[in-house]
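# Structure assessment
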Amino acid sequence: MNDLEHLARVSDKDLAGTVSGAGARALLAAITDEPATAPTHASRGLPPRAARRRTGRLLVTAGATAATAAAAVVGPALLREDHATSYASSAIDIQPRGDYYVATIKNPLADYAEYTKGFKAVGLNVRLQPVPASPSQVGKVTGMQGVGGPTDRPVPASIGSGTEPRGCAMGRPGCSMTITVGRQVTGDALVMLGRQALPGEKYQNFGSATAKGEMLEGYVPEGKTVGEVLTEARRRHVRAVFQEITPAPDHNGYRFEPDKRTVKVGDDWIVWRAESEQPGVLRLLVTRHRLPKNPTEPITN
């Protein structure tokens, strides 16, 4: 249970030694918790392989907000050059609504190229990748890269997520994931969108296991001993794996080193964060000794 070799999502030699902090996790949490309102300006980001800075993770900054713009559908005239006004396939349906395109994901397990083909048909350089995510992140943008680009008129250059019908509950029949893209965005964008995980799939987001719908919903593991958290995990019929973390000198941020595998974690070790690893499995970030503060918490001014 303490062997974490299966947790490495990238090559150790590529990532070893990276110092981390908690700012990136705070930014991504703020993004994915955003309610489904009008889109705002998007930021540039890096490949979404982590929610904070630490060794063994790639930094992510995602400027996405949840958004579903409702307006009159544009007529059949071409928007620019030879691009179509809409697109439909077995994988994705893309329709213009006001200043945005709304893409409904009809098959979240389709080949990524099918989504790219649809966006290119309407003149957008968007590469969409639905990835397995923990329950609270299904239907949300979990990371982006290269969002933006020049526009030929003043509309927001943003990308966001939502549902169709608007406000429906993911996982229920007839409820589909959507992403919205400003019609005039000409830059490239790689978008990770959380989808429901298949049996045995590991989540590709690093969300808290205590969020609504997650395995430890309503429980506070931070600062408790491993023994205490495992007792609660067994009560909920889930198991745990461990990762020892190395805090920054001032305890604002931390790192984990892929070549530093925890051989044995004692019940008296301290848990600083519980993440959802895959269905039925928690991932506990731990230290051997108690620290003055939680190094995984966002840095506040």
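Now for a quick tour of the structure. (Residues numbered from 1 in each chain as written. Predicted model: local features only at pLDDT ≥ 70, side-chain atom pairs only at ≥ 80, totals over all residues. Heavy atoms only, no water.)

## Quick notes on the sheet that holds strand 13 (residues 281-287)
- Reading across the sheet, the three strands line up as 9-13-12 and stay open at both edges, with mixed pairing between neighbours. Two strands close off the open sheet at either side, each with one partner strand: strand 9 (239-244) and strand 12 (270-278). On average, adjacent strands in this sheet sit at an angle of 30° to one another, irrespective of strand direction.
- As paired elements, strand 9 and strand 13 share six bridges and run parallel to each other. Across the sheet, the residue bridging to Val 241 is Arg 283, located in strand 13.
- This element, helix 4 (residues 226-235), spans strand 9, strand 12 and strand 13 of the sheet and lies at about 170° to strand 13. (Pairing = 2+ DSSP bridges. Helix = DSSP H or I, 4+ residues; strand = E, 2+ residues; numbered from the N terminus. Axes fitted to C-alpha atoms, helices over the stretch in contact; angles between N-to-C directions. Contact = heavy atoms within 4.5 Å.)

## Regarding the sheet that holds strand 2 (residues 92-97)
- Spatial ordering of the open sheet is given by 1-2-3-7-6, a layout of five strands whose pairing is antiparallel. Edge positions in the sheet fall to strand 1 (87-88) and strand 6 (159-164), since each of these pairs with one other strand and no more.
- Relative to strand 2, strand 1 runs antiparallel, the two being bridged by two bridges. Note on strand 2: the bridge partner recorded for Ala 88 is Asp 93.
- Docked against the sheet, helix 3 (residues 112-121) engages strand 1, strand 2, strand 3 (100-105) and strand 7 (176-182), running at close to 25° with respect to strand 2.

## A short note on the packing of aromatic side chains
- Per the stated rule, a full pass over the model turns up zero aromatic pairs.
- Taking NZ or CZ as reference, Lys 224 lies 5.2 Å from the ring centre of Tyr 219, over its face.
- One cation-aromatic arrangement involves Arg 283 over Phe 256; the distance from NZ or CZ to the ring centre is 5.5 Å. (Phe/Tyr/Trp six-rings, centres within 6.5 Å; stacked < 30°, edge-to-face > 60°. Lys NZ or Arg CZ within 6 Å of the ring centre and 35° of its normal.)

## Side note on the nonpolar core
- In this structure, Ile 92, Ile 94, Phe 119, Leu 128, Ile 179 and Val 191 are the most contacted members of the largest nonpolar core, which totals 23 residues.
- Elements supplying a minimum of two residues to this core: strand 2, strand 3, helix 3, strand 4 (126-133), strand 5 (141-145), strand 7 and strand 8 (189-196).
- Filtering out sequence-adjacent residues up to four positions away, Leu 128 remains in contact with Ile 92, Ile 105, Tyr 112, Tyr 115, Phe 119, Ile 179, Val 191 and Leu 193.
- Counting residues in each nonpolar core, the second largest holds 18 residues, with Ala 209, Val 238, Val 265 and Ala 274 among its members. (Core = buried A, V, L, I, M, F, W, Y, C linked by side-chain atoms within 4.5 Å. Buried < 20%, exposed > 50% of the residue type's maximum accessible area, 1.4 Å probe, protein only.)

## Some words on the pairing of strand 6
- Burial within strand 6 is extensive, with five of its six residues counted as buried.
- Note: strand 6 against strand 7, six bridges, orientation antiparallel. Paired with Glu 164 across the two strands is Ser 176, which belongs to strand 7.

Function cannot be inferred from these measures alone, as they are strictly geometric.
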